[in-house]
Structure formats: C-alpha cells, structure tokens
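# Notes for the structure review
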Amino acid sequence: MKGERLRFDGWIAGVGTTSGTRLVVGHWTRSPFGPFSDVMIQHPNGERLLLAPSAAVADFVATTYRFESVEVVPVTVRRGGSEWSIQAGPLSLHLSTGSRTPLGWLLRAVPTPLVSSRRWAALCNIPARLMPGVRTLGTAVPGRREWYGAHDLWPVLAADAALGGVGLGALAPLDPPVEFGFGSAPRRPALVRVTTTVELGSGTAVIGLRPWGGARG
C-alpha cells in the first residue's frame, strides 16, 4: 500500500578518489527536515559511513540506506560559481565543476512536475541501466520506495579531499559503484540537480519532520 511521500530538492555530487574512497554529497535546500547536507562515504574495503548533521536526519537516512557506521557531526556546504567546499566532521572536500553538459541542457527543458514523477523515473530507469550501478527507481530497504528526477548536470573536474587529516588522493572515477542503496551515482564524477522522493510504507512514521520549506536553489 502507498504511504506518505517525502521530497528532497537539491544537489547530489558523486566522486571517486585515487585512494579508492568514494564520496556522495547531498545538499538539500528543501526537505521535510528543512535545509541540510549530508555525506555518504564508502571506503576501499567496502565499509560505509554516514556523516549527518542531526540525529533526526541520521536516523532517517540510516533507515533508508545501508551503513556500517553513522556519525552526527556539523555539515556545512559553501558554493560560489563552480566551486563547492564541504566540511563534515572529519571530512574536508573541495569540488570544481565544469560547464553544463549536453544532457544537463536537455534535462533543464523537462517540466519540473514531470521530472518529479514516479512514471518519469521509471522511464529514465531504462537508459540509466546502461551506466554501471546507476538506477533512478528502486527500493533501498523493505517498506521504502524511492525515485530520482534529475533537473541538470555538470561534470566534476577536480576534487581535493581529506578524511581525518589524511589526503584521499586525486579525483578518480566513482568505481566500483557505491552500495548505500539500490543505485549508485554515475561512474564519471558529476554534480546533479535532483528531486528525490521517498515513499514510506503504509503506517510508517518519521520523527523530526518539518513543513516543506527552505530556499529553492
């Protein structure tokens, strides 16, 4: 049975590093929890770590995706033009993006209500499967369905990351795919403007929700 649908509007950046550590940053300007950012990290040995800004966000994300460990830490994202700086507890990350891709221009032309729909996600899931690990529609954990609608796309051209003061190396493909949920970010490092919808199972309650709000970027 269908349950409540929670929408998250913002950006997802996915990058790999030459150390083998892969990083996925979510920067949400509108969400049921208010504006927030979080970081998902997968180490070369497969261990998955979530860095979340509050207990409520940590609980929701950790019960929607899969992690071996979760830390509640301050998470800040600063952006200026093509430059993004992320600080999340022990993680420091700086990203530089390039010009909008041809696919990004095409995505911008799709009406927002259509992009956010489950039917559009199901249609896009067909070509998305041509990219290893990438899916736009699926189930991360039992009782929660999820779909992604991309509005725009930029390549990530450079990344400088350190975890616990140790450098993670230069930018590299996000390979192998990350395994937090049903799908991965693209192999080629990218920043995606996206609306994510999570449909809860019937009767499921989530603590800490706020009225839909925050600045639309």
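Here's a quick rundown of the structure.

What follows is about the overall build of the chain. Broken down by element type, the chain carries four helices and 13 strands. Out of the 217 residues in the chain, the part that is buried amounts to 50%. Look at the contacts in the chain between residues 6 or more apart in sequence, and 63% of them connect residues 24 or more apart.

Our focus in this paragraph is the pattern of salt bridges. Applying the stated criterion to the full structure yields six salt bridges. Arginine 145 is the salt-bridge partner of glutamate 199, the closest N and O atoms lying 2.6 Å from each other. Residue glutamate 199 is found in strand E13 (residues 190-201), and its partner arginine 145 is found in strand E10 (residues 144-163); the two are separated by 54 residues along the sequence. One connected set of salt bridges, linked through shared partners, spans Arg5, Arg145 and Glu199.

Taken as a whole and judged by the stated rule, the model has eight aromatic pairs. Aromatic ring contacts, followed pair by pair, group Phe8, Trp28, Phe33, Phe36 and Phe60 into a single cluster. Over the ring of tryptophan 105 we find arginine 100, and its NZ or CZ is 4.6 Å from the ring centre.

Now for the environment of proline 186. The topology assignment puts proline 186 in the loop between strand E12 (171-172) and E13. Take proline 186: its relative accessible area is 26%, and that puts it in the partly exposed class.

The subject of this paragraph is the nonpolar core. Counting residues in each nonpolar core, the largest one holds 27 residues, and the members touching the most others are Phe8, Val24, Met40, Phe60, Val61, Phe67 and Phe180. Elements with a minimum of two residues in this core: strand E1 (2-17), strand E2 (22-30), strand E3 (36-42), strand E4 (48-52), helix H1 (55-62) and E13. Per-element accounting of this core gives the leading share, five residues, to E13. Residues in contact with valine 24, not counting those within four places in the same chain, are Ile12, Ala13, Gly14, Asp38, Val39, Met40, Leu174, Val178, Phe180 and Ala185. Counting 25 residues, the second-largest nonpolar core is a separate cluster that includes Val15, Leu51, Ile86 and Leu95.

It is worth spelling out the side chain of arginine 193 at this point. Assignment of secondary structure puts arginine 193 in strand E13. Here arginine 193 falls in the buried class, since its relative accessible area comes to 7%. A polar contact is formed between the side chain of arginine 193 and the side chain of aspartate 9, at a distance of 3.1 Å. From its side chain, arginine 193 meets the backbone oxygen of glycine 10 in a polar contact 3.3 Å long.

What follows concerns the side chain of glutamate 146. By secondary structure assignment, the location of glutamate 146 is in strand E10. Polar side-chain contacts of glutamate 146 include one of 2.3 Å to the side chain of tyrosine 65. In terms of polar contacts, glutamate 146 uses its side chain to reach the side chain of tyrosine 148, at 3.1 Å.

Rules and cut-offs
- Residues numbered from 1 in each chain as written.
- Predicted model: local features only at pLDDT ≥ 70, side-chain atom pairs only at ≥ 80, totals over all residues.
- Heavy atoms only, no water.
- Helix = DSSP H or I, 4+ residues; strand = E, 2+ residues; numbered from the N terminus.
- Buried < 20%, exposed > 50% of the residue type's maximum accessible area, 1.4 Å probe, protein only.
- Contact = heavy atoms within 4.5 Å.
- Salt bridge = Lys/Arg side-chain N within 4 Å of Asp/Glu carboxyl O.
- Phe/Tyr/Trp six-rings, centres within 6.5 Å; stacked < 30°, edge-to-face > 60°.
- Lys NZ or Arg CZ within 6 Å of the ring centre and 35° of its normal.
- Core = buried A, V, L, I, M, F, W, Y, C linked by side-chain atoms within 4.5 Å.
- Polar contact = N/O pair within 3.5 Å; in protein donor to acceptor, adjacent residues only side chain to side chain.

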